[in-house]
Amino acid sequence: MIRRFPVFLFFAAILLTNLSPEAQGQCKAFARRICKGDLERYMHDGNYHAAILTEGEEAELYKTFYVDQEYRIAICGDDGLPDIEFRVMDIQRNILYDNSENEFGGTWDFRLESSQQLMIWVRVPSVNPGREPASGCVAILFGLSTR
Amino acid sequence: MGSKNTMPFLISLFAISAAILLPGGCAGNCSRQDSDRDFTIDLPEDQSEDMERVKQIFYSLPSPLETALILKSSGAVFNEDLLNPVENVSRYMTNKSMAVNLGVYTTDLSYASLFDQPQISIDYMNAAKRLADNLGIIDAVDSETLERLEANINDREVIMDIVSETFMNSSSFLQESNREPVAAMMLTGGWIEGLYLALHQVDEDDIEQSRMVRIILDKKLSLEIVMLLLRQNSHNDDVASLMDEVRRIEDIYSKIEITRSPIEVDRDRDDGVTVLRSTTDARLDREVFRELKSTVTEIRTSFVS
């Protein structure tokens, strides 16, 4: 058994490698179909950030936002997930926006008087302890105002 | 299979699953350890619990569209001579040259589109398609997209939407197929092209007054993210060599001191758009500007020729 073990693992790894793009492909379709619509009048910048998260898991995104530009951040999660929490923080992790204070809205519009490096923190909250945690795609998209 | 033998197998399988199912990301603390040396974001002292929960860390660079928009709003003018000629596309045979120049062409395409240059936009879309095809990026630009582009050649909104979609198709395909090093090189190529275009918009005798200089200075912020992205993929030889080139730019930026005041949040506005108020203090000396311009031009020339 022990001698056959690495061979078994090798095939398991191949199987999982092949499954991963499929799951990721569903994430891309989700981001395009659902999340992009939330950008409304803002033009999608073309960047794609999405991951499959399970309840209790977090993701972080670091990005430079530029002076005089108006942005919309859109965060969305699969239907099976609870409302996604997100915060926007500066480089000292001071909270600039927290959607839990805004009915867990999925978008935030802002512009800057000087360019800044900001961090976007995203979490899928655990809402049903004791039950199997839900997993699904979470996407972070950015829109730019062209007005 | 007895339980004694099953447990190590399951643990190993779980470990492999976690590694494979997290493409491009860094579960837990690996990215933070990598980034401690240079990245300026302060982390709270005791984050061990939080770090367990952070499944994915993204580093987002300005997309080619954002770069073009920033250039335009900073007073850039269109200058076709600055673009990488589409005739060069046949020269790019290696993975690195194709990836970097896909970023270069996509930035040129965005720049041309935003400045209402329809024929040039079509030419650069075709050049980008050719490189994407050669890199094995499926459906980044399909024939339907090209037909839509040609049918809406005077509608800037549609063109920008197509450019955005093309970029998303390329970057998401590379991410999904576990080819993050190629994506990182493409993004870095686009970032350098944006800096090149900005540097060549500045009149050297007018550095003090130029709005474009502010954007060049602000590129120091996104340079940190470029380096993090490259470091995350530096196991790849092409990425490692690209990193050496970008380090030359980093060395010059290290001579520029930039200070920023704390951010004040102004959210009670009628238009619903929050304003993040802060000020920046920075200065670009003529000598440093010249050095930056000549180094970036040299690196960019080595990419496109």
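The rules behind these values
Residues numbered from 1 in each chain as written. Chains lettered and ligands numbered in written order. Predicted model: local features only at pLDDT ≥ 70, side-chain atom pairs only at ≥ 80, totals over all residues. Heavy atoms only, no water. Salt bridge = Lys/Arg side-chain N within 4 Å of Asp/Glu carboxyl O. Helix = DSSP H or I, 4+ residues; strand = E, 2+ residues; numbered from the N terminus. Buried < 20%, exposed > 50% of the residue type's maximum accessible area, 1.4 Å probe, protein only. Polar contact = N/O pair within 3.5 Å; in protein donor to acceptor, adjacent residues only side chain to side chain. pLDDT = per-residue confidence, 0-100. Contact = heavy atoms within 4.5 Å. Expected span 1.5 Å × (residues − 1). Disulfide = S-S within 2.5 Å. Axes fitted to C-alpha atoms, helices over the stretch in contact; angles between N-to-C directions. Parallel < 35°, antiparallel > 145°, perpendicular 65-115°, else oblique. Left-handed = near helix turned anticlockwise from the far one by under 90°. Nonpolar A, V, L, I, M, F, W, Y, C, P; charged D, E, K, R; others polar. Pairing = 2+ DSSP bridges.

1. A short note on the pattern of salt bridges
Residues and elements named next belong to chain B. Applying the stated criterion to the full structure yields 29 salt bridges over all chains. The residue R148 makes a salt bridge to D161 at a minimum N-O spacing of 3.2 Å. A residue pair is termed long-range when its members are at least 10 positions apart, and R148 in helix α7 (residues 143–151) and D161 in helix α8 (residues 156–176) qualify at 13 residues. We classify R148 as partly exposed; its relative accessible area is 39%. Using a relative accessible area of 30% as the deciding quantity, one classes D161 as partly exposed. D285 is paired through a salt bridge with R283; the nearest N and O atoms lie 2.3 Å apart. Assessed through its relative accessible area of 53%, R283 is described here as exposed.

2. Looking at the side chain of S113 of chain B
All names here are of chain B. In this structure, S113 sits in helix α5 (residues 95–114). Judged by its relative accessible area of 3%, S113 falls in the buried class. Within polar-contact distance, the side chain of S113 engages the side chain of S121 at 3.4 Å.

3. A short note on the confidence of the model for chain A
Predicted confidence across chain A gives a mean pLDDT of 85, with 83% of residues reaching 70 or more. Every residue in residues 1–19 of chain A scores below 50 in pLDDT, and together they form 20 contacts with partners more than four places removed in sequence or on other chains.

4. With respect to helix α9 (residues 180–199) of chain B
End to end, α9 of chain B covers 28 Å across 20 residues, agreeing with the expected 28 Å (1.5 Å per residue, within 8%). Of all 20 residues in α9 of chain B, 20 are buried, a share of seventy percent or more.

5. Brief notes about the state of the cysteines
All names here are of chain A. Using the criterion set out here, one finds 2 disulfides over all chains in the structure. In this model C27 forms its disulfide with C137; the gap between the sulfur atoms is 2.1 Å. Taking the sign of the torsion about the S-S bond as the criterion, the disulfide between C27 and C137, at about 115°, is right-handed. Here C27 is found in helix α1 (residues 5–35), whereas its partner C137 is found in strand β9 (residues 135–144), with 110 residues between them in sequence. Each member of the pair, C27 as well as C137, carries the same accessibility label: buried. What pairs with C35 in a disulfide is C76, and their sulfur atoms sit 2.1 Å apart. Residue C35 is located in helix α1, and its partner C76 is located in strand β4 (residues 70–77); the two are separated by 41 residues in the primary sequence. An identical accessibility class is assigned to C35 and C76; each is buried. In chain A, the bonded cysteines, numbered by position in the sequence, are linked as 1-4, 2-3.

6. So, the packing of helix α4 (residues 64–73) of chain B against α5 of chain B
Residues and elements named next belong to chain B. In the contact formed by α4 and α5, the axes pass within 8 Å of each other and the chain directions differ by 45°. It follows from the interaxial angle that α4 and α5 lie oblique. Helix-helix and strand crossings are classified by hand; for α4 and α5 the assignment is right-handed. Side by side, α4 and α5 meet where P64, L65, T67, A68, L69, L71 and K72 of the first sit next to T106, T107, S110, Y111 and L114 of the second. Of the residues in the contact of α4 with α5, the class split is 7 nonpolar, 4 polar and 1 charged.

7. Things to note about unusual backbone geometry
Positive phi values are uncommon outside glycine, yet D68 of chain A reaches one of about 65°. Although it is not a glycine, D116 of chain B sits at a positive phi angle of roughly 55°. On the accessibility criterion, D116 of chain B (46% relative accessible area) is partly exposed.

8. With respect to the sheet that holds strand β3 (residues 58–65) of chain A
Ordered in space as β6(A)-β5(A)-β8(A)-β3(A)-β1(B), the 5 strands form an open sheet in which the pairing is mixed. Edge positions in the open sheet fall to β6 (95–98) of chain A together with β1 (54–60) of chain B, since each of these has one partner strand only. Neighbour-to-neighbour, the strand axes of this sheet turn through a mean angle of 20°, independent of strand direction. The pairing of β3 of chain A with β1 of chain B spans 6 bridges and is classified as parallel.

9. Examining the confidence of the model for chain B
Residues and elements named next belong to chain B. Taken over all residues, the pLDDT of chain B has a mean of 84, while the share at 70 or more is 83%. The secondary structure element of chain B with the lowest average pLDDT is helix α2 (residues 30–35), at 35, and the one with the highest is helix α11 (residues 237–253), at 98. Taken together, the stretch residues 1–39 has pLDDT below 50 and engages in 71 contacts with residues farther than four places along the chain or on a different chain. Below a pLDDT of 50 lies the segment residues 41–48, which in the model reaches 12 contacts outside its immediate sequence neighbourhood of four places, other chains included.

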